[in-house]
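# A closer look at the structure
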Amino acid sequence: MTFYESEIKRIKESCFSNDKQIETVIGMRNYIDNNYESNLNLDFLSHTRFVSKYHLLRLFKKHYGVTPRQYLIDKRIEKSKELLLNKLSVTETCYAVGFESVGSFSTLFKTKTGKSPSQFQKEQLSRSKLRIES
Amino acid sequence: MKVTAISIPVLDQEKALKFYTEILGFLKKRDIPLDGGNRWLTLVSPEWQDGPEILLEPAPLHFEPSKVYQNALREAGIPWTQFDVDNVDAEYERLMKLGVEFSVKPTVMGTSKFAVFNDTCGNNMQIVEMR
């Protein structure tokens, strides 16, 4: 066994031995992945898991390193890139991924990706056109 | 400041280029000749071509401490860095068929699953999937 393998074994036992806890956060992540376009309902999640909402928030952050809210936002931005590439308008994209204001969606998109949604769409589409032509 | 490049030390740039493109599936982005046959050689993910670039740099060939460090990591089984994949099991199967050697088979740890392979250029590399 290499040094790396023995370290993995040690860390697994000391940090990740609570299978039920891990199952809970993975369930939360799946829930967000499948419902990113609607508002996060942590009350619903905490009822199905019989734990408090705040406990869930802490668990998620402990295992994924980001809060469920941050994870949701990144998920929505990733999805919005796909929709923009599929030629949906910025407004359609904004509502389709669950944001409620086009202004704040555009600002957030720019902060996260370095480009505004319309800039991103224009660049990507002209690039794919170039690729087809060449 | 922006993060745009991840440096990977390789003994042989041409061999590394072949492995990272033909086996792993990265695309060559920049290939700038420098002196002594060295190149500024970068690759990108096919599905994220304006994302960060891998820099295959010939450091262990020219700078002894780099070689020493690379060897020590390799012998300890420690990956130089890691790449994200959608499905570690599927990627493991695909690479095994292409003759890639794994030192760690797909392993679950908390909310991630990972595996470690030999990049044939002096490094262990890890692939990881978020569960």
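All values reported here derive from a predicted model rather than from experimental measurement. (Residues numbered from 1 in each chain as written. Chains lettered and ligands numbered in written order. Predicted model: local features only at pLDDT ≥ 70, side-chain atom pairs only at ≥ 80, totals over all residues.)

This part is about the overall build of chain B. Across its full length, chain B carries 4 helices and 8 strands. Along chain B, from the amino end to the carboxyl end, the secondary structure elements read β-α-β-β-β-α-α-β-α-β-β-β. Computed over the C-alpha atoms, the radius of gyration of chain B is 15 Å, within 12% of the 14 Å expected from 2.2 N^0.38 for a compact globule of 131 residues. On the principal axes, the C-alpha backbone points of chain B span a range of 45 × 35 × 35 Å. Sorting the 131 residues of chain B into buried and exposed places 25% on the buried side. Considering only contacts within chain B whose residues lie at least 6 apart along the sequence, 51% involve residues at least 24 apart. (Helix = DSSP H or I, 4+ residues; strand = E, 2+ residues; numbered from the N terminus. Rg over C-alpha atoms; globule rule 2.2 N^0.38 Å. Buried ≥ 20, exposed ≤ 12 C-beta atoms within 10 Å, placed from the backbone. Contact = placed C-beta atoms within 7 Å.)

Our next topic: the sheet that holds strand S2 (residues 27-33) of chain B. All names here are of chain B. Strand order in the open sheet formed by 4 strands is S1-S4-S3-S2, and the pairing between neighbours is mixed. Each of the sheet's edge strands pairs with one partner strand only, and the pair in question is strand S1 (5-9) and S2. Along the sheet, successive strands turn relative to each other by an average axial angle of 25°, direction set aside. With 2 bridges connecting them, strand S3 (residues 39-44) and strand S4 (residues 53-57) associate as antiparallel partners. What sits directly across from Leu43, in S4, is Ile54. (Pairing = 2+ DSSP bridges. Axes fitted to C-alpha atoms, helices over the stretch in contact; angles between N-to-C directions.)

In this section: the environment of A:Val97. Residues and elements named next belong to chain A. Mapped onto the elements, Val97 comes out in the loop between helix H6 (90-96) and helix H7 (102-113). What makes Val97 buried here is the crowd of 22 C-beta atoms within 10 Å. Taking the C-alpha atoms as reference, Val97 lies 7.9 Å from Ser38; in sequence the two are 59 residues apart. Apart from the residues within four sequence positions on either side, Val97 is in contact with Tyr36, Glu37, Arg76, Lys79, Ser80 and Leu83.

This next bit is on the interface of chain B and chain A. Across the contact, 10 residues belong to chain B and 13 residues belong to chain A. Its residues assigned to classes, the side of chain B that touches chain A shows 4 nonpolar, 5 polar and 1 charged. (Nonpolar A, V, L, I, M, F, W, Y, C, P; charged D, E, K, R; others polar.)

All names here are of chain A. Checked against the element boundaries, Arg127 lands in helix H8 (residues 117-133). With 12 C-beta atoms packed within 10 Å, Arg127 lands in the exposed category. Sequence spacing of Arg127 and Arg58 is 69 residues, and the spatial spacing of their C-alpha atoms is 42 Å.

Residues and elements named next belong to chain B. For strand S6 (residues 102-109) and strand S7 (residues 112-118), the ladder comprises 5 bridges, and the chain directions are antiparallel. Looking at the pairing, Phe102 lines up with Phe117 of S7. Where S6 hands over to S7, the hairpin turn is made up of 2 residues, of which Gly110 adopts a positive phi near 60°. Pairing geometry for S7 and strand S8 (residues 124-130), over 7 bridges, is antiparallel. Considered in S8, the bridge of Ser112 is made with Met130.

This part covers the domain arrangement of chain A. Residue and element names in this part refer to chain A. Each assigned domain of chain A is listed with its residue range as follows: domain 1 (3-65) and domain 2 (73-133). For domain 1 and domain 2, the distance between their C-alpha centres works out to 29 Å. In this complex, domain 1 contributes 5 residues to the contact, which on the side of domain 2 involves 6 residues. Among the residues making up the side of domain 1 that touches domain 2, the classes are represented as 2 nonpolar, 1 polar and 2 charged. (Domains from an automatic or database assignment.)

A word on the confidence of the model for chain B. The predicted model of chain B averages 96 in pLDDT, with 100% of residues at 70 or higher. Interface confidence for the predicted complex, given as ipTM, is 0.89, next to a pTM of 0.88. (pLDDT = per-residue confidence, 0-100.)

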